[in-house]
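# Reading the structure
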Amino acid sequence: MANPQSKLQQRRQIPNCYYEGYLEKSSAKEKVSQRLWASLCGNTLFFYNTIKDVEYVDRIDLDGFISLLDDNSRDRNLGAARFQLRTKEGEFKITVPTLENRELWKGFIHAVAEHSVPSTLNLLPGQVHMLQEVVEKEQERQNTAAVQDNLYLSLVADMPPCFHEVSRKEAMGLLEKYADCGNMLLRPSKDGFMAVTTRQDLNGSVFHHYRVIRRPEGGFLINLETPIPCDNLYEVIKCLEEKTSGILQPFILNNIYNDNITLVQQNEENGEKNLKFITGSPSLKAPPPGSNTMQESLHPACVPAGPSKTANSKKKKPNHTGSGTRAPMLLPKFVKKFVSSVQDSLPSNSSSEEQSSGTDQLLVTVPSVSAKTGMQNKQAISKPPFAMGSSIGDLPLAFSEELKKKVEERQENKK
């Protein structure tokens, strides 16, 4: 429930009321008439659901007034009276309780829209005099509003950095949300002048608002119990800063952008919604097509101890024909036994230099295809792709499938 102070502030944003009462309104968009409480404030018709409501539900600006005509069609309520109001916004059908109400509504609308009282209205002399006073008040109000608008537009061109075109409520929100940017903000006030909103901490946020008016002889005045004259708005801010020994600082809000992508996500377990921040770090790239993924199918013990091949794309691709070597990796004992058995079963065609090179080296023959004849031959690897003692590269293609079976059998036995 809104407090009385907030309701009063909302009411003050609307000009003084000249005439009000219940009526029924319909338009081309509204096929069914609505019974609403109407208030003619300034040159605007405001509509409320009930007389107690503070916030209006609809409005008609009479700046675009075109015509006002009687509607003598019959209604089930024989005492009711109708008229049609045409503006630039459209055409509205108004139904009021009595003929006298219709004449009064017509008179007030003409008074604020055309600044005149038609002689054709069926009104009493006292009612006509009342409408003439409304004409004078409305003319004075519009002239004052025009002067204030011109004054405001001339001031906007030369404003301090802490000026923000926001309402009182919005100013309080800015000062609280961006407390590090300052605690004193200059803003326009609803009466056409200026206001300063400040914020301080005292078991929570404490806000104060100071009215700044323009002096007829020039300059401005901080409207306090003891008014403080200032030559310009810059001096207004500087004066408040000096009077408070620097406790009040101008609120200067630079363009603030988010550093990360922020999403609102709902927790599947408890249904609560939380903010999730997505950093700008690059995602992992997939391995390029054709890269060697044989290591993914090997036993965990065969995973290379050094950096993977995808970590350095500049390394030379392995060659099973003996033209290059592979990065070594550790080999389990049972794989060594299997490789030894394969070595014993393969025919030996190595040279004496290769046989005397040590027991940690393995020499095997693998099938190769001749580039000239296209025939498949067996070729000896002079420098083995792995070492029996401590490390091993990728296994020779000739027995990789059989080694895979051995690994699977060993995993089954462990289970």
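The notes below deal with the structure included here.

Parameters and conventions
Residues numbered from 1 in each chain as written. Predicted model: local features only at pLDDT ≥ 70, side-chain atom pairs only at ≥ 80, totals over all residues. Heavy atoms only, no water. Phe/Tyr/Trp six-rings, centres within 6.5 Å; stacked < 30°, edge-to-face > 60°. Helix = DSSP H or I, 4+ residues; strand = E, 2+ residues; numbered from the N terminus. Buried < 20%, exposed > 50% of the residue type's maximum accessible area, 1.4 Å probe, protein only. Pairing = 2+ DSSP bridges. Axes fitted to C-alpha atoms, helices over the stretch in contact; angles between N-to-C directions. Contact = heavy atoms within 4.5 Å. Salt bridge = Lys/Arg side-chain N within 4 Å of Asp/Glu carboxyl O. Expected span 1.5 Å × (residues − 1).

### As for the packing of aromatic side chains
- Evaluated as defined, the whole model comprises four aromatic pairs.
- Geometrically, the ring pair formed by Tyr-19 and Trp-105 is edge-to-face, given 4.8 Å between the ring centres and 75 degrees between the ring planes. With a gap of 86 residues between them, Tyr-19 in strand β1 (residues 17-27) and Trp-105 in helix α2 (residues 99-114) connect regions that are remote in the sequence.
- For Tyr-19, a relative accessible area of 17% gives the class buried.
- Overall, Trp-105 belongs to the buried group, its relative accessible area being 3%.
- Aromatic pair Tyr-19 and Phe-108: ring centres 4.7 Å apart, planes at 10 degrees, arrangement stacked. In this pair, Tyr-19 sits in strand β1 while Phe-108 sits in helix α2, placing the two residues 89 residues apart along the sequence. For the pair formed by Tyr-19 and Phe-108, the shared burial category is buried.
- An aromatic cluster of three or more residues is present, and its members are Tyr-19, Trp-105 and Phe-108.

### Notes on the sheet that holds strand β9 (residues 194-201)
- Reading across from one edge, β8-β9-β10-β11-β12 is the order of the five strands in this open sheet, with antiparallel pairing throughout. The sheet is open, and its two borders are formed by β8 (184-188) and β12 (228-230), each paired with just one other strand. Taken pair by pair, the neighbouring strands of this sheet meet at an average axis angle of 30 degrees, ignoring direction.
- As judged from the five bridges shared by β8 and β9, these two strands associate in the antiparallel manner. Bridge pairing in β9 links Arg-187 to Ala-195.
- Where helix α5 (residues 233-243) meets the sheet, its contacts fall on β8, β9, β10 (205-214), β11 (220-222) and β12, and the angle it forms with β12 comes to roughly 135 degrees.

### A short note on the environment of Ala-38
- Position of Ala-38 among the secondary structure elements: in strand β2 (residues 34-41).
- The spacing of Ala-38 and Leu-23 is 15 residues in sequence and 6.8 Å in space, taken between C-alpha atoms.
- What Ala-38 contacts, discounting residues up to four positions off in sequence, is Tyr-19, Glu-20, Gly-21, Leu-23, Leu-45, Phe-46, Phe-47 and Trp-105.

### Topic: the pattern of salt bridges
- Inspection of the entire model under this criterion finds seven salt bridges.
- Ionic pairing is found between Asp-58 and Lys-25, a salt bridge with its closest N-O pair at 3.0 Å. Residue Asp-58 is found in strand β4 (residues 58-61), and its partner Lys-25 is found in strand β1; the two are separated by 33 residues along the sequence.
- On the basis of relative accessible area, Lys-25 is assigned to the buried category, the value being 1%.
- Between Asp-70 and Arg-102 there is a salt bridge, with its nearest N and O atoms 3.8 Å apart. You can see Asp-70 sitting in strand β5 (residues 65-71) and its partner Arg-102 sitting in helix α2, a full 32 residues away along the chain.

### Section: the pairing of β10
- Both β9 and β10 contribute to a ladder of eight bridges, which runs antiparallel. Paired with Ala-195 across the strands is Arg-211, a residue of β10.
- Hairpin connection from β9 to β10: three residues lie between these consecutive antiparallel strands, with Asn-203 at a positive phi of about 55 degrees.
- With three bridges joining them, β10 and β11 adopt antiparallel strand pairing. Residue Ile-213 lies in a different strand from β11, and its bridge partner there is Leu-221.
- Linking β10 to β11, which pair antiparallel, is a turn of five residues; within it Gly-218 sits at a positive phi near 115 degrees.

### Some remarks on α2
- An ideal rise of 1.5 Å per residue puts 22 Å on 16 residues; α2 measures up with 22 Å between its terminal C-alpha atoms.
- Most of α2 is tucked away: 12 of the 16 residues are buried.
- When we look at burial in α2, the residues that qualify are Asn-101, Arg-102, Glu-103, Leu-104, Trp-105, Lys-106, Gly-107, Phe-108, Ile-109, His-110, Ala-111 and Val-112.
- One or two residues past the end of α2 sits His-115, with phi positive at roughly 55 degrees.

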